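Architecture and fold: a report
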Amino acid sequence: MPNQRIFVSSINDFDSDHFEQSTIALQLAPNLKKIAPRQHNHRKGQLILSVHGAVTCEVPNALWLVPPQHAVWIPSGTNHCFKVTENAQIYFLFIEPDAARMPMECCTIAISPLIRELIIYLAQQDPSYPADGPTARLAAVLLEQLSDAPVKELHLPMTNHPKIRHISDALISDPSNRNTLKQWSEELSTSERSLARLIENSTGLSFGKWRQQLYLMIALTQLAEGQSVQNVAGNLGYDSVNAFITMFKKALGKSPTKYFSSLNT
């Protein structure tokens, strides 16, 4: 059974930096899923692993998605907060700076079955394990394997600019909203050209590509919750299921069904 001492009353109260071990793990308790963690950071870098369901993690200037069998890496000192789906099974791995060759920036990482099982096992151990014991040796193997895990492009460039935040909040609240760039510019009392330039300068993407990436993030989250492809296509305002599947395949190389099937192999 998981170590009950790390199932705290609020994830906001858990201090990973209290432990001197190079890496520690814990499982997010089911009763904490509805608790919205505040923006925070810590000395240890953090890996958020989704075994089932999905997680969205917000960091400065980006929104990261963690579909099943993936993890988001948050480097040391990076402000972040996250939300999880109701069906999520989530593990946290905290890593001391320089303990492993990890990316310098936030990223989504594909997790192999071996890495997944090592993290789950470590979460069941006392986080105050001795530096010369079997748990420490297992942690060293985990960090070595994690250093070579492939990085995936599953994020949405974000910004705190109020106009772009207005659009993203509206689309997340109602993904079926199909307002054109012109309609958004009218709503925000700016010119279409100025809004297009603002979005591209702030996110590095055109409005169309940025919105499509947002739709992809929402689709992956809803599919991970167990919603059908047909429902998700309707939620996103697609005229047909085939149009949605075409977008999904273009972005991720597989249909939604094949993509999620591959995550469980």
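Each value, and the rule that gives it
- Residues numbered from 1 in each chain as written.
- Predicted model: local features only at pLDDT ≥ 70, side-chain atom pairs only at ≥ 80, totals over all residues.
- Heavy atoms only, no water.
- Pairing = 2+ DSSP bridges.
- Helix = DSSP H or I, 4+ residues; strand = E, 2+ residues; numbered from the N terminus.
- Axes fitted to C-alpha atoms, helices over the stretch in contact; angles between N-to-C directions.
- pLDDT = per-residue confidence, 0-100.
- Contact = heavy atoms within 4.5 Å.
- Polar contact = N/O pair within 3.5 Å; in protein donor to acceptor, adjacent residues only side chain to side chain.
- Core = buried A, V, L, I, M, F, W, Y, C linked by side-chain atoms within 4.5 Å.
- Buried < 20%, exposed > 50% of the residue type's maximum accessible area, 1.4 Å probe, protein only.
- Salt bridge = Lys/Arg side-chain N within 4 Å of Asp/Glu carboxyl O.

Here we look at the sheet that holds strand S4 (residues 62-66)
Two orientations exist for strands paired in a sheet by backbone hydrogen bonds: parallel and antiparallel. Sheet architecture is open: four strands sit in the order S6-S3-S4-S10, paired in antiparallel fashion. Two strands lie at the open edges of the sheet, namely strand S6 (81-84) and strand S10 (155-157), each paired on one side alone. Going across the sheet, the axis of each strand differs from the next one's by a mean of 15°, ignoring polarity. Examined bridge by bridge, strand S3 (residues 55-59) and S6 share four bridges and lie antiparallel to one another.

Concerning the confidence of the model for the protein chain
In this model, the protein chain carries an average pLDDT of 86, and 91% of its residues clear a pLDDT of 70 or more. In the model of the protein chain, S4 stands out as the element of lowest mean pLDDT, 80, in contrast to helix H4 (residues 181-187), which has the highest, 96. Taken together, the stretch residues 1-10 has pLDDT below 50 and engages in 25 contacts with residues farther than four places along the chain or on a different chain.

Observations concerning the side chain of histidine 80
Of note, histidine 80 is situated in the loop between strand S5 (70-74) and S6. A distance of 2.8 Å separates a polar atom in the side chain of histidine 80 from the backbone oxygen of threonine 78. Beyond its immediate sequence surroundings of up to four residues, histidine 80 is in contact with Arg38, Gln39, His40, Asn41, His42, Gln46, Cys57, Glu58, Val59 and Ile74.

Thoughts on the nonpolar core
Within the largest apolar cluster, 49 residues are counted, with the highest numbers of intra-cluster contacts made by Leu47, Ile48, Leu93 and Leu146. Excluding its chain neighbours within four sequence positions, the residues that come into contact with isoleucine 48 are Val55, Cys57, Val66, His70, Ala71, Val72, Ile74, Phe82, Ile90, Tyr91 and Phe92. Of all hydrophobic cores here, the second largest spans 37 residues; its members include Leu188, Phe207, Leu214 and Ala219.

Brief notes about the pattern of salt bridges
If you walk through the whole model with that rule in mind, you get five salt bridges. For lysine 44, the salt bridge identified is with glutamate 96, shortest N-O distance 2.9 Å. Taken together, the residues lysine 44 in the loop between strand S1 (23-27) and strand S2 (45-52) and glutamate 96 in the loop between strand S7 (89-95) and strand S8 (107-110) connect sequence positions 52 residues apart. A single burial state applies to lysine 44 and to glutamate 96, both of which are buried. Arginine 116 is paired through a salt bridge with glutamate 117; the nearest N and O atoms lie 3.1 Å apart. The class for arginine 116 is buried, based on a relative accessible area of 18%. Residue class for glutamate 117 comes out partly exposed when judged on its relative accessible area of 41%. Put simply, Arg43, Lys44 and Glu96 are held in one network by salt bridges that share partners.

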